[in-house]
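Working through the structure, step by step
This is what each chain is made of:
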Amino acid sequence: MIEINNVQPLSPEELFDLLKTEFPSYLNNLLGSNVTVEFAHVANIINITFPEVIEGNAYTLTVSDEQIEITDHTEESSYNTELLEQHLIAFLTEIAE
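Report on the accompanying structure. No experiment lies behind these values; they were computed from the predicted model shown.

The subject of this paragraph is the sheet that holds strand 3 (residues 45-49). Pairing in this open sheet of five strands is antiparallel, and the strands run 1-5-4-3-2 from one edge to the other. Pairing within the sheet leaves two strands with one partner each, and these edge strands are strand 1 (2-5) and strand 2 (38-42). Between one strand axis and the next, the sheet turns through 20 degrees on average, direction left out of account. Pairing analysis gives five bridges linking strand 4 (residues 59-63) to strand 5 (residues 67-72), with the strands arranged antiparallel. Bridged to T62 within strand 5 is E69. Strand contacts of helix 1 (residues 12-31): strand 2, strand 3, strand 4 and strand 5, with the helix running at about 175 degrees to strand 2, the strand carrying the most contacts. The strands touched by helix 2 (residues 82-96) within the sheet are strand 1, strand 3, strand 4 and strand 5, with strand 1 carrying the most contacts at an inclination of about 20 degrees.

Analysis parameters
Residues numbered from 1 in each chain as written. Predicted model: local features only at pLDDT ≥ 70, side-chain atom pairs only at ≥ 80, totals over all residues. Heavy atoms only, no water. Pairing = 2+ DSSP bridges. Helix = DSSP H or I, 4+ residues; strand = E, 2+ residues; numbered from the N terminus. Axes fitted to C-alpha atoms, helices over the stretch in contact; angles between N-to-C directions. Contact = heavy atoms within 4.5 Å.

Purely geometric numbers; function is a separate question.
If you want it as structure tokens, here you go:
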């Protein structure tokens, strides 16, 4: 699990909106691709999936006033997701801290 300080602090709803509107273009600009990113939000939990790349839920964000916890659900034997994770962490750090 990775923790990012939620300095702003961003509410789960605010973070969900930022992810939906800004993260896909942020990621695709960095990768030079057109990866589909999907999000689901319930209470303080946000799930992130990359349906064309990884089967099922890839990451879960748990949002509190103090921090954003990232739980990685990807399997090491599947697609190399380190780059996706690095870009997600960079994006969250940029908007939250």
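The discussion continues.
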